[in-house]
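Geometric and topological summary
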Amino acid sequence: MYLRHGTFSYLPPLTDEQIAAQVRYALLNGWPVSIEYTDDPHPRNAYWEMWGLPLFDLDEPDGVLAEIDACRATFPRHYVRVLAYDARYTRQTTALSFLVQRPPDEPGFLLTRTEGPDRQQKYGLHSYATTVRPGDRYGG
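Every value quoted in this text rests on a predicted model; they were computed, and no experiment measured them.

Re the packing of aromatic side chains
Taken as a whole and assessed by the stated rule, the structure comprises six aromatic pairs. Each ring, one from Phe8 and one from Phe98, has its centre 5.6 Å from the other, and the planes form 65°; the classification is edge-to-face. Of this pair, Phe8 sits in the segment before helix H1 (16-28) while Phe98 sits in strand E4 (residues 93-101), and the two are 90 residues apart along the sequence. Looking at Phe8, the relative accessible area reads 22%, which means it is partly exposed. The interplanar angle of 15° and the centroid separation of 4.0 Å between the aromatic rings of Tyr37 and Phe75 together place this pair among those described as stacked. Highlighted residues: Tyr37 in strand E1 (residues 33-38) and Phe75 in the loop between helix H2 (62-74) and strand E3 (79-86), separated in sequence by 38 residues. Of the two residues, Tyr37 and Phe75, both sit in the buried class. Grouping aromatic residues by their ring pairs yields a cluster made of Tyr37, Trp51 and Phe75. Positioned above the aromatic ring of Trp48, the side-chain terminus of Arg81 is 4.0 Å from the ring centre.

Brief notes about the pairing of E4
Across seven bridges, E3 lies against E4 in antiparallel orientation. Residue Arg81 lies in a different strand from E4, and its bridge partner there is Leu99. Hairpin remark: E3 followed by E4, antiparallel, with six residues in the connecting loop; positive phi at Thr90, about 55°.

Digging into H1
Look at H1: 18 Å from first C-alpha to last across 13 residues, which is about the 18 Å you get at 1.5 Å a residue. Listed in full, the buried residues belonging to H1 are Ile19, Ala20, Val23, Ala26 and Leu27. Projected down its long axis, H1 carries its buried residues within an arc of 120°, all on one side. Opposite its buried face, H1 presents the exposed residues Glu17 and Leu28, each directed more than 90 degrees away. Looking at the buried residues of H1, the elements they touch are E1, H2, E3 and E4. Positive backbone phi, approximately 80°, marks Gly30, located one or two places after H1.

Re the pattern of salt bridges
Evaluation of the coordinates by the stated rule reveals six salt bridges. In this structure, Arg72 and Asp16 form a salt bridge, with 3.1 Å as the shortest nitrogen-oxygen distance. Of the two residues, Arg72 is situated in helix H2 and Asp16 in helix H1; the sequence distance between them amounts to 56 residues. Judged by relative accessible area, Arg72 falls into the buried class, the value being 17%. Residue classification places Asp16 among the partly exposed residues on the basis of a relative accessible area of 44%. A network of salt bridges, in which partner residues are shared, links Asp16, Asp69 and Arg72.

Thoughts on the nonpolar core
Where a protein is soluble and globular, its nonpolar side chains tend to be buried together. Counting 20 residues, the largest nonpolar core has Ile19, Val33, Ile35, Ile68, Cys71, Phe98 and Val100 as its most contacted members. When residues of this core are traced back to their parent elements, those giving at least two are H1, E1, H2, E3 and E4. Ranked by residues supplied to this core, first place goes to H1 with four residues. If we ignore the near neighbours within four places in the chain, the residues touching Ile68 are Ile19, Ile35, Val82 and Val100.

Conventions we followed
Residues numbered from 1 in each chain as written. Predicted model: local features only at pLDDT ≥ 70, side-chain atom pairs only at ≥ 80, totals over all residues. Heavy atoms only, no water. Phe/Tyr/Trp six-rings, centres within 6.5 Å; stacked < 30°, edge-to-face > 60°. Helix = DSSP H or I, 4+ residues; strand = E, 2+ residues; numbered from the N terminus. Buried < 20%, exposed > 50% of the residue type's maximum accessible area, 1.4 Å probe, protein only. Lys NZ or Arg CZ within 6 Å of the ring centre and 35° of its normal. Pairing = 2+ DSSP bridges. Expected span 1.5 Å × (residues − 1). Arc of directions from axis to C-beta. Contact = heavy atoms within 4.5 Å. Salt bridge = Lys/Arg side-chain N within 4 Å of Asp/Glu carboxyl O. Core = buried A, V, L, I, M, F, W, Y, C linked by side-chain atoms within 4.5 Å.

Purely geometric stuff here, so don't read any function into it on its own.
Put into structure tokens, the structure is as follows:
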């Protein structure tokens, strides 16, 4: 069971050639690309650590792919994603987001249920990975 996150979340992991094709598509549309990583992939954790600055003014995906490889090498047991931003609406809008790396072992999530007054039930998610301190998650 994989974490379902991003545009291609229900497909098998993308190959490097497929990643290059998606980055090329983003660049052809004039979308700046950025790379982010985390070891806390909770669905509500929308703000991951940014790898460097967003990559503006690129025509070919080679520079982005080199940064993806550097991020993967530095954080081999983290989630790594690529985001492309569309500025046509005069604000930061994510046009494309997809994972390019997962940790080798994904422990998953615990679904918690709390019963309240009048038989109300509230649900929450708890990541098993967060039981370990940051930096040591996923066998780091």
